[in-house]
2 protein chains.
Amino acid sequence: MAEPLGVGLVGCGTVGTGVARLLLEQPDRLARRAGRPLDLCRVAVRHPEKPREVALPPGVVTADPAAVIADPRVDVVVELIGGTTVARRVVLDALAAGKHVVTANKALLAEAGGEVFEAARAAGRTVCFEAAVAGGVPIIRALGESLAANQVTAIQGILNGTSNFILTSMAERGMSYPAALAEAQRLGYAEADPTLDVDGSDAAHKLAVLAQIAFGVSARPEQIERRGIDTLDAQDIRFAGELGYTIKLLAEAWTGESTTGGREVALHVAPVLLRRTDLLAQVRGAFNAISVHGDVVGETLYQGPGAGMMPTASSVVADLIDLAVGRAQATFAAARLWSREGKGFVVEPVERVRSRFYLRLTVADRPGVLADITRILADEGISISSVVQHEAGEGATEPVPLVILTHTAETGRFRAALRKMATLSAVSAPPVSYAMGD
Amino acid sequence: MAEPLGVGLVGCGTVGTGVARLLLEQPDRLARRAGRPLDLCRVAVRHPEKPREVALPPGVVTADPAAVIADPRVDVVVELIGGTTVARRVVLDALAAGKHVVTANKALLAEAGGEVFEAARAAGRTVCFEAAVAGGVPIIRALGESLAANQVTAIQGILNGTSNFILTSMAERGMSYPAALAEAQRLGYAEADPTLDVDGSDAAHKLAVLAQIAFGVSARPEQIERRGIDTLDAQDIRFAGELGYTIKLLAEAWTGESTTGGREVALHVAPVLLRRTDLLAQVRGAFNAISVHGDVVGETLYQGPGAGMMPTASSVVADLIDLAVGRAQATFAAARLWSREGKGFVVEPVERVRSRFYLRLTVADRPGVLADITRILADEGISISSVVQHEAGEGATEPVPLVILTHTAETGRFRAALRKMATLSAVSAPPVSYAMGD
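Since the model is a prediction, treat every value here as computed from it, not as a measurement. (Residues numbered from 1 in each chain as written. Chains lettered and ligands numbered in written order. Predicted model: local features only at pLDDT ≥ 70, side-chain atom pairs only at ≥ 80, totals over all residues. Heavy atoms only, no water.)

Caption draft 1: Highlighting the interface of chain B and chain A. The interface is formed by 41 residues belonging to chain B together with 42 residues belonging to chain A. Summed over both partners, the interface of chain B with chain A comes to about 4000 Å²; 54% of that surface belongs to carbon and sulfur atoms. Where chain B touches chain A, the interface holds four salt bridges. Note that R29(A) and D295(B) form a salt bridge whose closest N and O atoms lie 2.5 Å from each other. The tally of links from chain B across to chain A stands at 19 residue pairs in polar contact (both at pLDDT 80 or more). Of all the secondary-structure elements, those providing two or more residues to the side of chain B that touches chain A are α2 (27-34), α6 (139-146), β12 (298-305), α12 (309-325) and α13 (327-335) of chain B. Split into classes, the residues belonging to the side of chain B that touches chain A amount to 21 nonpolar, ten polar and ten charged. (Contact = heavy atoms within 4.5 Å. Buried area = accessible area lost by both parts, 1.4 Å probe. Salt bridge = Lys/Arg side-chain N within 4 Å of Asp/Glu carboxyl O. Polar contact = N/O pair within 3.5 Å; in protein donor to acceptor, adjacent residues only side chain to side chain. Helix = DSSP H or I, 4+ residues; strand = E, 2+ residues; numbered from the N terminus. Nonpolar A, V, L, I, M, F, W, Y, C, P; charged D, E, K, R; others polar.)

Caption draft 2: Broad picture of the sheet that holds strand β3 (residues 61-62) of chain B. All names here are of chain B. Pairing is parallel in the open sheet, where six strands are placed in the order β3-β2-β1-β4-β5-β6. The strands lining the two open edges of the sheet, one partner per strand, are β3 and β6 (127-128). In terms of strand pairing, strand β4 (residues 76-79) meets strand β5 (residues 100-103) through four bridges, oriented parallel. What sits directly across from V76, in β5, is H100. Docked against the sheet, α12 engages β1 (5-10), β2 (38-44), β4, β5 and β6, running at close to 160° with respect to β5. (Pairing = 2+ DSSP bridges. Axes fitted to C-alpha atoms, helices over the stretch in contact; angles between N-to-C directions.)

Caption draft 3: Looking closely at the relation of the copies chain B and chain A. Its rotation angle being 180°, the transformation that places chain B on chain A also includes 0.0 Å of axial translation and leaves an RMSD of 0.0 Å. This pairing of chains is accounted for by a two-fold axis. The fraction of interface residues of chain B whose copies in chain A are also interface residues reaches 100%, indicating that both copies meet through the same surface. (Least-squares fit on C-alpha atoms with pLDDT ≥ 70 in both.)

Caption draft 4: Here's a closer look at empty space enclosed by the protein. Tallied over the full model, the rule gives five cavities of 30 Å³ or more. A volume near 600 Å³ is recorded for the largest cavity. What lines the largest cavity is a set of 37 residues, and nearest its centre among them are G144(A), I213(A), T331(A), A335(A) and L337(A). Within the residue set of the lining of the largest cavity, elements represented by two or more residues are β6 (127-128), α6 (139-146), α10 (201-215), α12 (309-325) and α13 (327-335) of chain A together with α2 and α12 of chain B. (1 Å grid on protein atoms, 1.4 Å probe; cavity = no way out; pocket = protein on both sides within 12 Å on 5 of 7 lines; lining within 4 Å. Points joined across faces, edges and corners; volume = space filled by probe spheres on them.)

Caption draft 5: Main features of the UniProt feature "active site" (unreviewed entry) in chain A. All names here are of chain A. Here, UniProt's "active site" (unreviewed entry) annotation points to K206. Take K206: it is sitting in helix α10. Taking the relative accessible area as the measure of exposure, K206 reaches 6% and is therefore buried. Setting aside its immediate chain neighbours within four residues, K206 contacts K106, A132, V133, A134 and L159. Within the local environment of K206, its side chain forms a polar contact with the side chain of D202, the two groups lying 2.7 Å apart. (UniProt positions renumbered as here; feature names shortened; annotations may be inferred. Buried < 20%, exposed > 50% of the residue type's maximum accessible area, 1.4 Å probe, protein only.)

Caption draft 6: Expanded view of α6(B). The element α6(B) is extensively covered by neighbouring structure, given that seven of its eight residues are classed as buried. Three or more residues of α6(B) are buried, namely I139(B), I140(B), R141(B), A142(B), L143(B), E145(B) and S146(B).

Caption draft 7: Here's a closer look at the sheet that holds strand β2 (residues 38-44) of chain A. Residues and elements named next belong to chain A. Taken together, six strands build an open sheet; the order of strands is β3-β2-β1-β4-β5-β6 and the sheet is parallel. Two strands lie at the open edges of the sheet, namely β3 (61-62) and β6, each paired on one side alone. Direction of pairing for strand β5 (residues 100-103) relative to β6: parallel, over a ladder of two bridges. Across the sheet, residue V102 finds its bridge partner in β6, namely C128.

Caption draft 8: Main features of the side chain of N288(B). All names here are of chain B. Secondary-structure assignment places N288 in strand β11 (residues 287-294). Accessibility expressed as a relative area gives 0% for N288, which makes it buried. When residues no more than four places from it in sequence are discounted, the contact partners of N288 are A134, V137, I158, L159, N160, G161, V283, Y302, Q303, G304 and G306.

Caption draft 9: Local environment of the side chain of S291(B). All names here are of chain B. As for its position among the elements, S291 is in strand β11. One polar contact links S291 to E299, side chain to side chain, over a distance of 2.7 Å. Sequence-distant contacts of S291, defined by excluding residues within four places in its chain, comprise A154, I155, Q156, L280, E299, T300 and L301.

Caption draft 10: View of the domain arrangement of chain A. Per the domain assignment, the segments making up chain A are domain 1 (5-128), domain 2 (139-307 + 339-350) and domain 3 (353-436). Computed from C-alpha atoms alone, the centre-to-centre distance between domain 1 of chain A and domain 3 of chain A is 53 Å. (Domains from an automatic or database assignment.)

Caption draft 11: Spotlight on the nonpolar core. Within the largest apolar cluster, 176 residues are counted, with the highest numbers of intra-cluster contacts made by F129(A), I139(A), F215(A), F129(B), I139(B) and F215(B). If we skip the residues at most four places from it in the chain, I139(B) touches E130(B), V133(B), A134(B), L210(B), I290(B), V292(B) and Y302(B). (Core = buried A, V, L, I, M, F, W, Y, C linked by side-chain atoms within 4.5 Å.)

Now the structure itself:
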């Protein structure tokens, strides 16, 4: 059997522990699949003295990432510390030292992908990142290899398991957002500070990575419109349910022709109403799923655990096997990700994207209100698909919810209509609206 | 840019036409993805004079597969004629002539995989076959590359789009099997002779291919128990629906410990009752989907178009790109498929597989019948989860259907119970039973 592939881990939290366990517990299996042993040589941790779930061999542990990078036995540095400061330094230093890099760090790729990939090309080394998006779901290989004959034209992804877990609890058990979040935290599906998960930032980072592969665009964070589930009202989930829809936090990309004849891609993260029969609507709990539309194959869908110790370790170790086999190097060279050439797409705001919309207004129950609202929509060329207004008690004076589903309309024109509605005296709270996935 | 990869097609039916179109219409895209041009050099067709949907360049068409193989510009022979006689000869001759092979031929792989792969290894050439299973769904790469850190422990797949289309019509529109088949034929989803699709043979061939990748076993056709949808009674779909289940034709593999301590895998193709909330139960029409359980990642699922001109072409051309990039060669060498070494699994009959069961009996409506039947089940250690017997009219003398769902039981013991029930005088038709997926 050929020379071992030396593996150095930087970071040994949840995912790192899973990777170490897999390397130590399945050496024969992995050597067979990789054509050579995968040797765990060094592991850098912040607190070497802390007891761990995995028994690391003596002499392997260090507190110094530089010791992992400098170890001549280490061929691949696996960066699992997260964040964009120390992690960026570790990755760049590893590449400069002639090591391949495997990372699960979507934030680093979204924010410094260009720098990291240029450094890798300059060093003649490879960066792998299957675990950075959707944990155990092999969406990176699907986009970059399996669908290579296609131009991707649309992506819809449930990329944040925490949000999907909370939404599932809200939809199936009628919980409020705060109650569902508290439960998710108690069960370990949400962190003490859940902000990046529930406000759409985590999904936006992952979407930026997918957009790089599919469209060759390096989307800056501010180019990805995002809206999380943290402002979602349980009554919108109920109304959606009555109408046959489920609300999911989706990361979406659509392509189109720009007005100047070029090709553009719009990216957003937002709660979206999906028809209950849609496959993505069926994805429950902490799972992730991605639907990809390619111009040759049509729609394909990938689903699985989006996070967790062993699912994410499965993807990290798949990357190590690919490096051992030589497949990763071929892919890296051919894909030219985060390079200057691009694929001819530019990122555009979502204003021109066409979609159906869900709109909930809180209105005074008096004559003429519906006429004013439907007139505003008509003026923007938006036609109505259905209206739900439950009967208020005779003589009731409280404002009532009015729910409207539109036919397909341009996002920009719908937003213009929203702004006009907000000025109506009969509309007593800011209009609430979501795009629909059909 | 590097030397072109010369492509020769043998067979230009539906899929071949799609491949030719893609190569001719998207040369720039494919060259970018492959790092070099993919040149369509020769195409062998049975009737060169026949008009075609795709305009092949002059001088490309020949009636002789040997001319494709012998052409020095051809680096890869794409075999798309199907069947196991001429196709086998073409593939072996191509390998002997030093060409790589891409094929969509599951029957050839299932029946002569060992011979083909040994020939490829002897010639130092690569065989790719993403399109052989589930058309545009990249299940071959998922099993062989993305999940390489896992031992697969179970597979459940909807692998025959024709059957799934017919089942969807039966379930959603209450059609009988003959009516649904006739419609599928009219719409082009079923062939004039649909036997191999509806009797489970096509799905069994595909399952044999997946079992080779996942378990290293070369399953002979007779080792895969198969039962198609052609004997399915509409009333079983109705009863399943009442109980919250959908019937799908599944190709399934389960692993277990054998009684001698080795590892075994059981394979079957059969209609199976899936809970309506199961993701596979939601797969409608001609789509394919595969759920794979890996011991590291847990469950991942892959879905998409299982057949058709462009979806299948998408997979064939992905293989061509992998060959151009060099990825396919690395995978082929590492995977050692259809080799003698195996992964330690042996194929076992499904008798020891544990499952829940749906059972429909046609019984005389008289005292003691249910007692006899439940006694037989109890004697085999099988407990009952639910019973449905609709009220017959008072004094009715017609036999009535009695539906029983069991808790988990060993297939062999359930079958023993079935044999005993068939001997009861009150049971007036052969018992009908299906496994349940939960």
